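Spelled out from the first residue to the last, the chains are:
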Amino acid sequence: MTTATVDDVSSDHGTAVGSGRAFAWMLVITGAAGVLAAWIITLDKFRLLENPNYKPGCSLNPIVSCGNIMKSEQASVFGFPNPMLGLVTYGMVIAIGVALLSGARFRRWYWLGLNAGTLFGVGFCTWLMYQSLYHINSLCLWCCLAWVATIVMFWYVTSHNVRKGLLRAPGAVERFFAEFTWVVPVVHIGIIGMLILTRWWDFWMS
C-alpha cells in the first residue's frame, strides 16, 4: 500500500485541508479499536473493584494477565482508570474521521493539534509498554490492541501532515512518506513484538 491510497486529496496551504476517504476510514477504524479496548478494560475494572477475586476473561496465564495490569498503580496514572481517558480520546478520533468522510476540511492548527494528541498517545502507550514488560511483568491483550491502534494512527497522521506541508520536514522525508508510510508503523509494531517475545522467551518456548 502506498500513502497515496490512504490520502489522495491535494492540499491548499492557504485554507483548510481535507483528506482522502481511506485516511478518514483509518481514523474511524483505529479509533473504534481503541474505544473497544478501553470499554472492555473499563468494564472489567469496575467488576474488579466490586469483586477483588474477579478474573477478567483475558487473564489467560501468569504473563497474559489483564488482572495484574488493572491492579497496578500504573493503571490509574491520572487518578482514574487509564481506559476512561481512552474512551474520550479515541471517541474524538472517530468523530474526526467521520467528519472527514463527510467532506470536512480543517485548518493547520487543527491538524497539528491532532498530531500532538496522537504523539501524546503513542508516548503514553510507550511508557505503559515499558511498565508492563519490565515492572508489572504482565501483558493485557486489550491494551496491546490499543497500542497498535495508537501507533498506526500516529504515523499516518504524521505522514498526512508532512505531505500536506502542515508539518515541516526535509524533502527526503516527504518522499518517503509519499510511498512508504506503512513501513514505519509495521517496523514500530514489529519492534514491540520482538521485545515481548524476548522478554518472556523461556515462557513462550516452554
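These numbers were taken from a predicted model, which means no experiment stands behind them.

**Details of the overall build of the protein**
Secondary structure assignment for the protein yields eight helices and zero strands. In the protein, the order of α-helices and β-strands from amino to carboxyl end is α-α-α-α-α-α-α-α. Taken along its principal axes, the extent of the C-alpha atoms in the protein is 55 × 35 × 25 Å. Classification of the 206 residues of the protein by burial places 44% in the buried group. Taking as baseline every contact in the protein between residues at least 6 positions apart, the subset at least 24 positions apart corresponds to 74%. Accessible surface for the protein amounts to roughly 10500 Å². Of this, 69% is attributable to carbon and sulfur atoms.

**Concerning the nonpolar core**
By size, the foremost hydrophobic cluster in this structure holds 24 residues, and its most contacted members are Met 129, Leu 139, Cys 140, Cys 143, Trp 147, Ile 196 and Trp 200. Elements supplying a minimum of two residues to this core: helix 1 (21-50), helix 2 (66-71), helix 4 (108-136), helix 5 (141-163) and helix 7 (183-199). With 19 residues, the next largest nonpolar core counts Phe 23, Met 26, Trp 111 and Leu 114 among its residues.

**Section: the packing of aromatic side chains**
Taken as a whole and judged by the stated rule, the model has 14 aromatic pairs. Consider the rings of Phe 106 and Tyr 110, whose centres lie 4.2 Å apart with planes at 15 degrees: the pair is stacked. Here Tyr 110 falls in the partly exposed class, since its relative accessible area comes to 28%. The interplanar angle of 65 degrees and the centroid separation of 6.0 Å between the aromatic rings of Phe 176 and Phe 177 together place this pair among those described as edge-to-face. The class of Phe 177 is buried, set by a relative accessible area of 7%. By way of ring pairs, the aromatic residues Phe 23, Phe 106, Trp 109, Tyr 110 and Trp 111 are connected into one cluster.

**Remarks on unusual backbone geometry**
With phi around 60 degrees, Asn 137 is a residue other than glycine that occupies positive phi space. Structurally, the position occupied by Asn 137 is in the loop between helix 4 and helix 5. Overall, the relative accessible area of 30% leaves Asn 137 in the partly exposed class.

How each quantity is defined
Residues numbered from 1 in each chain as written. Predicted model: local features only at pLDDT ≥ 70, side-chain atom pairs only at ≥ 80, totals over all residues. Heavy atoms only, no water. Helix = DSSP H or I, 4+ residues; strand = E, 2+ residues; numbered from the N terminus. Buried < 20%, exposed > 50% of the residue type's maximum accessible area, 1.4 Å probe, protein only. Contact = heavy atoms within 4.5 Å. Areas by Shrake-Rupley, 256 points an atom, 1.4 Å probe, with all protein chains shown as cover. Core = buried A, V, L, I, M, F, W, Y, C linked by side-chain atoms within 4.5 Å. Phe/Tyr/Trp six-rings, centres within 6.5 Å; stacked < 30°, edge-to-face > 60°.

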